[in-house]
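Tertiary structure, described
Spelled out from the first residue to the last, the chains are:
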Amino acid sequence: QEQLVESGGGVVQPGGSLRLSCAASGFNLRLILMSWYRQGPGRERELVAAIERHSGIANYADSVKGRFTISRDNAKNTVSLQMNSLKPEDTAVYYCKALTTSRSTFWGQGTQVTVSS
């Protein structure tokens, strides 16, 4: 059974850093794209960053370019999001999303990130 489990959320002061991880299981070799989304209070869910599993090509939302870095470890079936220079507006629940070769999508349960002084 396919499963995505996020970890690494927490509370951090503005300017601080956090690293989120997403562990994928049950997908075998069917993963093609891994993404991080977030949903802030009163806001719609938005794409933060995505990375192609095989090529490693990544793209980012304008709001996080230069501050966040997405990476993957194919051997461990994990994807990470390194978040630096965090701002209060980065406060959100962060979700991991997987896209498979059959175009099915799967979501993790989410992890809370709070940026506050």
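Look above for the structure.
Residues numbered from 1 in each chain as written. Predicted model: local features only at pLDDT ≥ 70, side-chain atom pairs only at ≥ 80, totals over all residues. Heavy atoms only, no water.

1. Brief notes about the sheet that holds strand β3 (residues 18-25)
Strand order across the open sheet formed by four strands is β1-β3-β8-β7, with antiparallel pairing between neighbours. The open sheet has two free edges, formed respectively by β1 (3-7) and β7 (68-73), since each of these has just one partner strand. Across the sheet, the mean angle from the axis of one strand to that of its neighbour is 15°, orientation sign disregarded. Sheet topology places β7 next to strand β8 (residues 78-83); six bridges connect them, and they run antiparallel. In the sheet register, Ser71 faces β8, and the bridge partner there is Ser80. (Pairing = 2+ DSSP bridges. Helix = DSSP H or I, 4+ residues; strand = E, 2+ residues; numbered from the N terminus. Axes fitted to C-alpha atoms, helices over the stretch in contact; angles between N-to-C directions.)

2. Section: the state of the cysteines
Two cysteines, two sulfur atoms, one covalent bond between them: this is a disulfide. Summed over the entire model, instances satisfying the criterion amount to one disulfide. Paired by a disulfide, Cys22 and Cys96 hold their sulfur atoms 2.1 Å apart. Taking the sign of the torsion about the S-S bond as the criterion, the disulfide between Cys22 and Cys96, at about -80°, is left-handed. Of the two residues, Cys22 is situated in strand β3 and Cys96 in strand β9 (residues 92-100); the sequence distance between them amounts to 74 residues. (Disulfide = S-S within 2.5 Å.)

3. A closer look at the nonpolar core
Counting 27 residues, the largest nonpolar core has Met34, Trp36, Leu81, Met83 and Tyr94 as its most contacted members. Listed by contribution, the elements that provide at least two residues to this core are β3, β4 (31-39), β5 (46-52), β7, β8, β9 and β11 (111-115). Ignoring anything within four residues of it in the chain, the contact list for Met83 reads Gly16, Ser17, Leu18, Leu20, Arg67, Phe68, Tyr94 and Val113. (Core = buried A, V, L, I, M, F, W, Y, C linked by side-chain atoms within 4.5 Å. Buried < 20%, exposed > 50% of the residue type's maximum accessible area, 1.4 Å probe, protein only. Contact = heavy atoms within 4.5 Å.)

4. Some words on the pairing of β9
Burial analysis of β9 places eight of its nine residues in the buried class, which makes it a mostly covered element. In this structure, β4 lies alongside β9, joined through eight bridges in antiparallel fashion. In the strand pairing of β9, Ser35 is matched with Lys97. As defined by bridge partners, β9 adjoins β11 across three bridges and the pair is classed as antiparallel.

5. Some remarks on the packing of aromatic side chains
Counted under the stated rule, the structure contains three aromatic pairs. Seen from their ring centres, Tyr37 and Trp107 are 5.0 Å apart, and the 65° between their planes marks the pair as edge-to-face. Linking Tyr37 in strand β4 with Trp107 in strand β10 (residues 105-107), this pair joins segments that are 70 residues apart in sequence. According to the relative accessible area criterion, Tyr37 is buried, its value standing at 17%. (Phe/Tyr/Trp six-rings, centres within 6.5 Å; stacked < 30°, edge-to-face > 60°.)

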